[in-house]
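So the chains spell out like this:
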Amino acid sequence: MTQWQNTPQEHNGVMHNAYQTHHTMIDTHMAQYIAAETKRQQDHIELIASENFVSRDILMAAGSILTNKYAEGYPGKRYYGGCEHVDQVEQLAIERAKSLFGCAFANVQPHSGSQANQAVFLALLKPGDGILGMSMDAGGHLTHGAPVSLTGKWFNSVSYGVNPSSHRVDMDQVRDLAKKHRPKLMIVGASSYPRVLNFKEFRDIADEVGAFLLADVAHISGLIVTGHHPHPFPYAHVVTSTTHKTLRGPRGGIVLTNDEDLAKKINTAVFPGLQGGPLMHVIAAKGIAFQEASTQAFSKYIGAVCDNAVALASALSDLGYALVSGGTDNHLLVMDFSGSDLSGQTAQHALESVRITTNKNGVPSDQRSYVQTSGLRLGTPAITTRGFMVSDMEIIAQCIHQRLGNLDGPVDDLVKQVEQLCQKYPLN
């Protein structure tokens with residue numbers, strides 16, 4: 001077992017597995033579904049880049065009695081009584097987030113990364129203001145101005161893309177669009193971009209046009225806090241992130257800044273602007289995740305995540321598959337089926353039939369719809385948590401190749417291969 005894995009832990013002299021249920025649920029139907037999902041996670045190779053497996057401590061906090069407590073407001077300024085202990089919980093989470101990211105302010109209440117972004121929009125913008133973010137087919141997120149999102153409906157949204165040949169952010173286009181449209185907010189960040197982001201260059205352009213710069217680092221926050229990706233501070237005015245994905249915490253969001261005036265606006269935007277009572281059980285779990293992410297073991301884990309991603313990308317490339325940007329610098333890669341009969345949707349369903357879990361994804365200048373897509377996104381955070389190593393990436397690539405190369409063929413042998421890998425690295 002590698003030193004960064006989530007290991008069974010001892011409680012009152014008894015070793016417990018984090019992903020086994022030790023309480024018999026009265027609701028047998030719901031218990032059945034939870035047990036089935038537990039088995040699915042145990043038996044599948046999880047390659048969805050935004051998913052991970054949390055530690056037992058995080059699971060315990062997220063399922064703790066703190067879920068019973070209403071605590072509208074902030075530590076020391078609540079609208080309910082009996083908050084003296086949850087005040088300590090939230091304040092500890094705040095201090096740990098500030099220490100981890102090296103910033104002066106953290107709001108740990110957002111229920112998701114999307115709501116963290118919405119809080120920034122509410123704090124800094126008015127309906128009709130301009131925003132400039134990455135287009136979805138280039139790797140951007142829904143909340144970065146997609147037409148179907150609130151950001152695309154309420155704001156004057158303009159999108160930048162990537163160079164058509166290198167698939168790297170086209171900074172000349174970013175500068176030209178910024179000068180032409182003079183957005184009030186620029187967004188740097190992505191949900192399926194496999195290369196390094198240049199925060200300084202974005203800030204230089206934002207300063208040229210008088211815009212705020214938001215760095216949405218939801219996917220790469222674990223890499224950032226361990227030094228495996230450049231840091232958004234001091235360049236970004238505001239930083240948002242999820243607390244799961246590469247940070248390996250509970251599902252949720254955070255907002256960070258070093259600007260005292262912006263901090264006040266962000267707090268007001270989160271509560272009472274967007275949310276009522278915070279989820280104190282999740283905030284406790286976030287605090288534990290921040291502590292775990294500050295350890296040397298976590299840094300080694302992230303290094304292994306990146307090594308595995310590079311190895312998987314290399315193995316797939318050697319098998320003849322095109323990859324967006326030709327590879328990866330981080331935890332994810334995107335297979336590009338443009339020009340072939342294979343769609344991302346078909347590839348996702350085919351791999352799921354052999355217990356390899358992925359997600360269809362758009363690619364730059366995608367000619368297919370968002371339902372079909374021409375890409376498939378793969379990530380290594382979850383399998384690395386289980387203990388998968390570089391040597392296993394060739395095996396996974398071969399399994400992917402065999403399935404996608406014979407969509408109508410038998411699956412039993414591939415299922416057995418996947419089963420053997422999963423048994424080799426049990427989900428603890």
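Further up the page is the structure itself.
This is a predicted model, so every value here is computed, not measured.

Criteria and cut-off values
- Residues numbered from 1 in each chain as written.
- Predicted model: local features only at pLDDT ≥ 70, side-chain atom pairs only at ≥ 80, totals over all residues.
- Heavy atoms only, no water.
- Axes fitted to C-alpha atoms, helices over the stretch in contact; angles between N-to-C directions.
- Helix = DSSP H or I, 4+ residues; strand = E, 2+ residues; numbered from the N terminus.
- Parallel < 35°, antiparallel > 145°, perpendicular 65-115°, else oblique.
- Left-handed = near helix turned anticlockwise from the far one by under 90°.
- Contact = heavy atoms within 4.5 Å.
- Nonpolar A, V, L, I, M, F, W, Y, C, P; charged D, E, K, R; others polar.
- Pairing = 2+ DSSP bridges.
- Buried < 20%, exposed > 50% of the residue type's maximum accessible area, 1.4 Å probe, protein only.
- Patch = residues over 30% accessible without salt bridge, like charges linked within 9 Å, V, L, I, M, F, W, Y side chains within 5 Å.
- Areas by Shrake-Rupley, 256 points an atom, 1.4 Å probe, with all protein chains shown as cover.
- Salt bridge = Lys/Arg side-chain N within 4 Å of Asp/Glu carboxyl O.
- Core = buried A, V, L, I, M, F, W, Y, C linked by side-chain atoms within 4.5 Å.
- Polar contact = N/O pair within 3.5 Å; in protein donor to acceptor, adjacent residues only side chain to side chain.

Undergrad: Help me understand the packing of helix α14 (residues 390–404) against helix α15 (residues 412–424), please; the structure alone is not making it clear to me.
TA: To characterise two packed helices, one gives the angle between the axes of the helices and the distance between these axes. Contact pair α14 / α15: the axes reach a minimum separation of 10 Å and the direction vectors enclose 155 degrees. As summarised for this structure, α14 and α15 are arranged roughly antiparallel, according to the angle between their axes. Seen from above, α14 lies across α15 with left-handed handedness. For the pair α14 and α15, the contacting residues are Asp-392, Ile-395, Ile-396, Cys-399, Gln-402 and Arg-403 in the first and Leu-414, Gln-417, Leu-421 and Lys-424 in the second. Its residues assigned to classes, the contact of α14 with α15 comprises five nonpolar, two polar and three charged.

Undergrad: Please explain the sheet that holds strand β16 (residues 375–379) as it appears in this structure.
TA: As a general point, the strands of a sheet are linked pairwise by backbone hydrogen bonds and lie either parallel or antiparallel. Strands sit in the order β13-β16-β15 across an open sheet of three strands; the sheet is antiparallel. Each end of this open sheet is capped by a strand with a single partner; those strands are β13 (332–336) and β15 (359–361). Along the sheet, successive strands turn relative to each other by an average axial angle of 35 degrees, direction set aside. Inspection of the sheet shows β13 paired to β16 by five bridges, in the antiparallel sense. Looking at β16, one finds that Met-335 is bridged to Leu-376. Helix-sheet contacts for helix α11 (residues 296–318) involve β13 and β16, and the interaxial angle to β13 is about 15 degrees.

Undergrad: Got a minute to help me understand the environment of Pro-230 in this structure?
TA: With respect to the element layout, Pro-230 can be found in the loop between α8 (221–225) and β11 (238–242). Of the residues examined, Pro-230 reaches a relative accessible area of 41% and is grouped as partly exposed. A sequence separation of 114 residues divides Pro-230 from Gly-344, and the C-alpha atoms of the two residues are 31 Å apart. Leave out the neighbours within four places in its chain, and Pro-230 touches Val-196, Phe-199 and Ile-224.

Undergrad: I tried to follow a nonpolar patch on the surface on my own but got confused; where do I start?
TA: A cluster of nonpolar side chains, contributed by Met-30, Tyr-33 and Ile-34, occupies part of the molecular surface with about 310 Å² of accessible area. Following the sequence through the fold, Tyr-33 ends up in helix α1 (residues 28–43).

Undergrad: Whenever I open this one, the nonpolar core confuses me. Can you help?
TA: Soluble globular proteins tend to pack their nonpolar side chains together in the buried interior. Of all hydrophobic cores here, the largest spans 62 residues; its most connected members are Val-169, Val-174, Met-186 and Phe-202. Here the element with the most residues in this core is helix α10 (residues 280–293); it accounts for seven residues. Leu-316, Tyr-321, Ala-347 and Phe-388 belong to the second-largest nonpolar core, a separate cluster that totals 34 residues.

Undergrad: Looking at this structure, I do not really get the side chain of His-44. What am I missing?
TA: Tracing the sequence through the fold places His-44 in the loop between α1 and β3 (45–46). For His-44, a relative accessible area of 14% corresponds to the buried category. Among the polar contacts made by the side chain of His-44, one reaches the main-chain carbonyl oxygen of Arg-40 at a distance of 2.8 Å. With residues up to four places along the chain from it excluded, the contact list for His-44 reads Arg-355, Ile-356, Thr-357, Arg-386 and Cys-422.

Undergrad: So what exactly am I meant to see when it comes to the sheet that holds strand β10 (residues 212–216) here?
TA: Pairing is mixed in the open sheet, where seven strands are placed in the order β6-β12-β11-β10-β9-β7-β8. Edge positions in the open sheet fall to β6 (105–107) and β8 (156–160), since each of these has one partner strand only. Neighbour to neighbour, the strand axes of the sheet diverge by 20 degrees on average, direction disregarded. The pairing of strand β9 (residues 185–189) with β10 spans five bridges and is parallel. Considered in β10, the bridge of Val-188 is made with Ala-215. Docked against the sheet, helix α4 (residues 113–124) engages β9, β10, β11 and β12 (253–257), running at close to 160 degrees with respect to β11. Sitting on the sheet, helix α9 (residues 260–274) is in contact with β6, β10, β11 and β12, with an inclination near 5 degrees to β6.

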